Amino acid sequence: MPTACDSVIEDIEDMVSSSDPTPQERQSARTRIIPRSRKKKELSNNEELHADSLIPGTQKIWMKTWGCSHNNSDGEYMAGQLAASGYDMTDDPGEADVWLLNSCTVKNPAEDHFRNSIKKAQEQQKKVVVAGCVPQAQPRMDYLKGLSIIGVQQIDRVVEVVDEAIKGHSVRLLGQKKDGGRRLGGARLDLPKIRKNPLIEIISINTGCLNACTYCKTKHARGDLASYPIDELVERARQSFQEGVCEIWLTSEDTGAYGKDIGTDLPTLLWQLVEEIPEGAMLRLGMTNPPYILEHLQEMAKILNHPRVYAFLHVPVQSASDSVLMDMKREYSVDDFRRVVDFLKERVPGVTIATDIICGFPGETDKDFKETIDLVKHYRFPSLFINQFYPRPGTPAAKMQQVPANVKKQRTKELSQVFHSYNPYDHKVGERQHVLVTEESFDAQYYVAHNKYYEQGRAVNGVGGHSTMPSLSSCLDREWLKSLAVGITLVAAILAYFGEKIYQGWSS
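Nothing here was measured: the structure is a model prediction, and the numbers come from that model.

(A) Summary view of the confidence of the model for the chain. Per-residue confidence for the chain gives a mean pLDDT of 84, with 80% of residues at or over 70. Considering only residues more than four positions removed or in separate chains, one finds that residues 1-18, a stretch of pLDDT under 50, has 4 contacts. When the criterion is pLDDT under 50, residues 30-35 qualifies, and its contacts beyond four places in sequence or with other chains add up to 0 contacts.

What follows is the structure in structure tokens.
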């Protein structure tokens, strides 16, 4: 039976008849259409708008960071992103809705504090998000069950994780950042940041390392070496100086290994960075292990002599026994370490060499320890980080025959006594030196400053926060330095003499 659809249309244009409106006429008709406004439903007098208390971005967050400057930089980035997203970062854990705990896995005490903080937060019914090296290395720990985790290379996604944690969800982001199969240094360097000290920028130049030290748990979290490109690091430094920073710290698990994965090296980076340092600002290098700095001693000496680079280098020796170093898999001998120190002391007058020592590593004999004592007595390191050995779970050293706890404690005490026995700053008493002031002391009575050799000093702060000092001077007090430095921080000089009354006040 024929229908209206039986006719054949050979061309789509046949569907348009001469009586149909043209495209121009249709467009003209559209412009004459006036949309009808919808009436908004008005609230009755007894209705109120209620904000959902679980809407992410409206809560207060307290963050605690443990560990190294790399971890502190990660924490500053996370705080910056959360604040930019609308969260209120608070210094009061009691008033916070969320606790963001950024952990360190280097030693047992740091992890113990981290674990206890989780328990305390849960007792107070706080939302908990964890970050840092502990959950990255051991995400299946019992005390981490049900918690949201931000991996060390996922800090640029902290807002997502916190958002979901507030909703009651558990999120775990532990992956590595890669580009074309190559592992990257981490999150972007241009992310928002809230610096703990607005005058100091911490830049992580690479993550991970090339070693496999038998005692190190950080390797499990940070992995193998992955460096940021030089142009990104230079741009970050330039941006920081534009924001008012006057001191930059370069940090990583091993700055000396920088660039080996991307075809460059540390001196090449440093020479480009110093071109960006404005007059009056300074650059501080982070920790470097002996094997890699040995390759660049000539260039490093030139860089440390640059007027806007601190003549300071942190080179951990860990032990002066080659036998112990071999068990640690440190990949250098004590003679390699001596070569680094001797060369830099000769070529960089006044250079400050900081070092680390582990007391009571498995298998360390009395003879091994005596060699370490002799090394310290010989070089009289002004900055010495003394660490009692702690076996970290999952590391080869944890399975080795352990030195008795009382012996480890005794060796730690003995090395500390050796450190107290010398006064490396006696010859500087009364000197006036140029310093860079970067912060106030906790009691706000002094400015904290460093000279060219990164020797720390205090300069008196006047009433009402106004300085009564000459702009570039402070006073030396070696006892104050000693108490500040042992085992945990830099031993530093107090620069420039400020009068007998002040000096006696500090000494008393």
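From this point, the discussion proceeds with the structure in view.
(B) Broad picture of the sheet that holds strand β12 (residues 247-251). Here 3 strands make up an open sheet; going across it, the order is β9-β12-β13 and the pairing parallel. Edge positions in the open sheet fall to β9 (200-204) and β13 (282-284), since each of these has one partner strand only. With direction set aside, neighbouring strand axes in the sheet form an average angle of 20 degrees. Sheet topology places β9 next to β12; 5 bridges connect them, and they run parallel. Among the inter-strand pairings, I202 is bridged to a residue of β12, identified as W249.

(C) Local environment of the packing of aromatic side chains. Tallying each qualifying case throughout the model produces 10 aromatic pairs. Ring geometry for W66 against F114: centres 5.9 Å apart, planes inclined by 80 degrees, an arrangement best described as edge-to-face. Remark: F114 occurs in helix α3 (residues 108-123) and W66 occurs in the loop between β1 (60-65) and α2 (69-84); sequence separation between them is 48 residues. Judged by relative accessible area, F114 falls into the buried class, the value being 0%. Aromatic side chains F337 and F381 sit 6.1 Å apart centroid to centroid with 55 degrees between the ring planes, which places their arrangement in the tilted category. Placement of the pair is F337 in helix α12 (residues 334-347) and F381 in the loop between α13 (366-379) and β16 (383-388), with a sequence separation of 44 residues. The buried category is assigned to F381, whose relative accessible area is 1%.

(D) Structural context of the side chain of T438. Note that T438 resides in strand β17 (residues 435-440). With near-sequence residues (within four places) excluded, T438 lies in contact with N197, L199, I200, C246, E247, V448 and H450.

(E) Region of the structure containing the packing of helix α10 (residues 297-304) against α12. In the contact formed by α10 and α12, the axes pass within 10 Å of each other and the chain directions differ by 40 degrees. Considered as vectors, α10 and α12 are oriented oblique to each other. As α10 packs across α12, the resulting crossing turns out to be right-handed. Side by side, α10 and α12 meet where L297, Q298, A301 and L304 of the first sit next to R339, V340, F343, L344 and R347 of the second. Here the contact of α10 with α12 is composed, by residue class, of 6 nonpolar, 1 polar and 2 charged.

(F) Spotlight on the sheet that holds strand β6 (residues 172-173). Taking strand neighbours across the sheet as the criterion, the 6 strands line up as β2-β1-β3-β4-β5-β6 in an open arrangement whose pairing is parallel. Single-partner strands in this sheet number two, and they are β2 (88-89) and β6. Bridge count between β1 and strand β3 (residues 98-103): 5 bridges; the pairing is parallel. Following the sheet pairing, I61 is matched in β3 by V98. Relative to the sheet, α3 contacts β3 and β4 (127-132), its axis offset from that of β3 by approximately 170 degrees.

Rules and cut-offs
- Residues numbered from 1 in each chain as written.
- Predicted model: local features only at pLDDT ≥ 70, side-chain atom pairs only at ≥ 80, totals over all residues.
- Heavy atoms only, no water.
- pLDDT = per-residue confidence, 0-100.
- Contact = heavy atoms within 4.5 Å.
- Pairing = 2+ DSSP bridges.
- Helix = DSSP H or I, 4+ residues; strand = E, 2+ residues; numbered from the N terminus.
- Axes fitted to C-alpha atoms, helices over the stretch in contact; angles between N-to-C directions.
- Phe/Tyr/Trp six-rings, centres within 6.5 Å; stacked < 30°, edge-to-face > 60°.
- Buried < 20%, exposed > 50% of the residue type's maximum accessible area, 1.4 Å probe, protein only.
- Parallel < 35°, antiparallel > 145°, perpendicular 65-115°, else oblique.
- Left-handed = near helix turned anticlockwise from the far one by under 90°.
- Nonpolar A, V, L, I, M, F, W, Y, C, P; charged D, E, K, R; others polar.

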